[in-house]
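Residues per chain are reported as follows:
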Amino acid sequence: MGEPCIICVAITGSLPTKANNPAVPITVEEQIESTQQAFEAGATICHAHVRNEDETPSSDPDKFARLKEGLEKHCPGMIIQFSTGGRSGAGKTRGGMLPLRPDMASLSVGSNNFPTRVYENPPDLVDWLAAEMVTYGVKPEIEAFDLSHILKAADMHRKGQIKDTPYVQFVMGVQNAMPADREIFDFYVKTVNRLFPGAPWCAAGIGAQQIVLNEWAISSGGHARTGLEDNVRLDKKTLASSNAALVERTSDICVQYGRPVATPTQARAILGLSSR
């Protein structure tokens, strides 16, 4: 068998609504239930956003606190990763949940285009978010929408702004950003291996590219992200019935390539995280 593969489930995000897929969990209670199902299907990282009752994005630390409490109770050992992404808030509100000390948090270290807007990550905010993660012992997951973001993470690591071994996630398939291109993907992997020898890495694909990036990452020795945040369908004609259904699909790809799905204990060891 190959090295264990960590499956991250991005449960909600900031954009998908129940009009897109009724299975998208919106309330904290729905998120806990959906994550527990995904956890039982093999996911060991929960990438979490929170929403308001009207389904709009929120950065409310109280909602994050209730979600964290529920996940710790119902998904023992699961790695909790909060989003500090720009769709959920502005400025330092994006890091208002970091004092809750989740295991991990996403960190976008540079700006890029999104379908209808610029995804802004100004240097002073990136530096502040990174400093907050150091202060509260939160491991960043570097979300790389562009090659320059990997190089920026390397610079921050050299300066001590990112502690320990970095964990980089390639995000491909966002309209107006980096497409799902195999040669570029392979160069991303080569670049991470050169800058961070032996470091674990992950990949995420958006929409129909989700399963493509799952297969590329798993077959190349990386880790995989799935979930309703990035993709609400199993195929062009079929909505995913749950986050767990997408995790199960990813797990099947692991089996295809001879890689066991990582347990919570294995995932924490791979990422250098202590047991909770």
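Remember, it's a predicted structure, so these values are computed and weren't measured experimentally.

Residue placement: Asn121 occurs in the loop between strand S8 (118-119) and helix H3 (123-135). Assessed through its relative accessible area of 3%, Asn121 is described here as buried. Of note is the side chain of Asn121, whose polar atom sits 2.5 Å from the side chain of Arg94. Setting aside chain neighbours within four positions, we find Asn121 in contact with Arg94, Ser108, Gly110, Ser111 and Val126.

On to the nonpolar core, then. In terms of nonpolar packing, the biggest core is built from 59 residues, with Leu107, Val168, Phe170, Phe185 and Trp201 touching the most fellow members. Beyond its immediate chain neighbours, meaning those up to four positions away, Leu107 contacts Thr84, Val126, Leu129, Ala130, Met133, Pro140, Glu141, Ile142, Glu143 and Met156. Membership of the second largest hydrophobic core comes to 11 residues, among which are Ile79, Tyr167, Ala262 and Leu271.

Alternating residues of strand S6 (residues 104-107) divide into Met104 and Ser106 and Ala105 and Leu107, and every residue in both groups is buried. Pairing analysis gives 2 bridges linking strand S5 (residues 79-82) to S6, with the strands arranged parallel. The residue bridging Phe82 from the neighbouring strand is Ala105, located in S6. Relative to strand S9 (residues 139-144), S6 is paired through 4 bridges, and the arrangement is parallel. Pairing of Ala105 across the sheet is with Pro140, part of S9.

Here we take up the sheet that holds strand S11 (residues 201-205). Strand order in the closed barrel formed by 8 strands is S1-S2-S5-S6-S9-S10-S11-S12, with parallel pairing between adjacent strands. Across this sheet, the average inter-strand angle for adjacent strands is 25 degrees, counted without regard to direction. Running at roughly 170 degrees to S6, H3 makes contact with S6 and S9 of the sheet. Strands in contact with helix H4 (residues 147-158) are S6, S9 and strand S10 (167-172); relative to S9, the strand with the most contacts, it is inclined by about 150 degrees.

Here we take up the layout of surface pockets. Quantified by volume, the largest pocket comes out at close to 610 Å³. Leu15, Arg87, Ile206, Glu229 and Asp230 are, among the 32 residues lining the largest pocket, the residues nearest its centre. When grouped by side-chain class, the residues that make up the lining of the largest pocket number 12 nonpolar, 15 polar and 5 charged. In this structure, the second largest pocket occupies an estimated 370 Å³ of space. Listing elements by their share of the lining of the second largest pocket, those giving two or more residues are helix H2 (61-74), H3, S9 and helix H8 (264-271).

Our focus in this paragraph is the packing of aromatic side chains. Summed over all chains, the structure comprises 9 aromatic pairs. Consider the rings of Phe170 and Trp201, whose centres lie 5.3 Å apart with planes at 20 degrees: the pair is stacked. In this pair, Phe170 is assigned in strand S10 and Trp201 in strand S11, connecting sequence segments 31 residues apart. Note on accessibility: Phe170 and Trp201 belong to one class, buried. Pairing Phe185 with Trp216 gives two aromatic rings, centres 5.4 Å apart and planes at 50 degrees, and the pair type is tilted. With Phe185 in helix H5 (residues 182-195) and Trp216 in helix H6 (residues 209-219), this residue pair connects regions lying 31 residues apart in the sequence. Exposure class is identical for Phe185 and Trp216. Each is buried.

Each regular strand displays side chains that alternate between the two surfaces of the sheet. In terms of burial, S9 is largely enclosed, as 6 of its 6 residues are buried. Side chains Lys139, Glu141 and Glu143 of S9 all project onto a buried face; the interleaved residues Pro140, Ile142 and Ala144 project onto the opposite face, where all are buried too. Pairing of S9 with S10, which is carried by 4 bridges, proceeds in the parallel orientation. Within S10, the residue paired with Glu143 across the bridge is Gln169. Following the backbone out of S9, through H4 and into the adjacent parallel S10, one traces a crossover that is right-handed.

Before going further, it helps to examine the pattern of salt bridges. In this structure the tally under the stated criterion is 10 salt bridges. In this structure, Glu30 and Lys18 form a salt bridge, with 3.5 Å as the shortest nitrogen-oxygen distance. Of this pair, Glu30 sits in helix H1 (residues 28-41) while Lys18 sits in the loop between strand S1 (7-10) and H1, and the two are 12 residues apart along the sequence. The exposure class of Glu30 is partly exposed, given its relative accessible area of 28%. For the salt bridge of Arg66 with Glu29, the shortest nitrogen-to-oxygen distance reads 3.3 Å. Taken together, the residues span a long stretch of sequence, with Arg66 in helix H2 and Glu29 in helix H1 at a distance of 37 residues. Members of the salt-bridge network, linked through shared partners, are Glu143, Arg225, Glu229 and Asp230.

The rules behind the values
- Residues numbered from 1 in each chain as written.
- Predicted model: local features only at pLDDT ≥ 70, side-chain atom pairs only at ≥ 80, totals over all residues.
- Heavy atoms only, no water.
- Helix = DSSP H or I, 4+ residues; strand = E, 2+ residues; numbered from the N terminus.
- Buried < 20%, exposed > 50% of the residue type's maximum accessible area, 1.4 Å probe, protein only.
- Polar contact = N/O pair within 3.5 Å; in protein donor to acceptor, adjacent residues only side chain to side chain.
- Contact = heavy atoms within 4.5 Å.
- Core = buried A, V, L, I, M, F, W, Y, C linked by side-chain atoms within 4.5 Å.
- Pairing = 2+ DSSP bridges.
- Axes fitted to C-alpha atoms, helices over the stretch in contact; angles between N-to-C directions.
- 1 Å grid on protein atoms, 1.4 Å probe; cavity = no way out; pocket = protein on both sides within 12 Å on 5 of 7 lines; lining within 4 Å.
- Points joined across faces, edges and corners; volume = space filled by probe spheres on them.
- Nonpolar A, V, L, I, M, F, W, Y, C, P; charged D, E, K, R; others polar.
- Phe/Tyr/Trp six-rings, centres within 6.5 Å; stacked < 30°, edge-to-face > 60°.
- Right-handed = clockwise from strand over helix to strand, strands pointing away.
- Salt bridge = Lys/Arg side-chain N within 4 Å of Asp/Glu carboxyl O.

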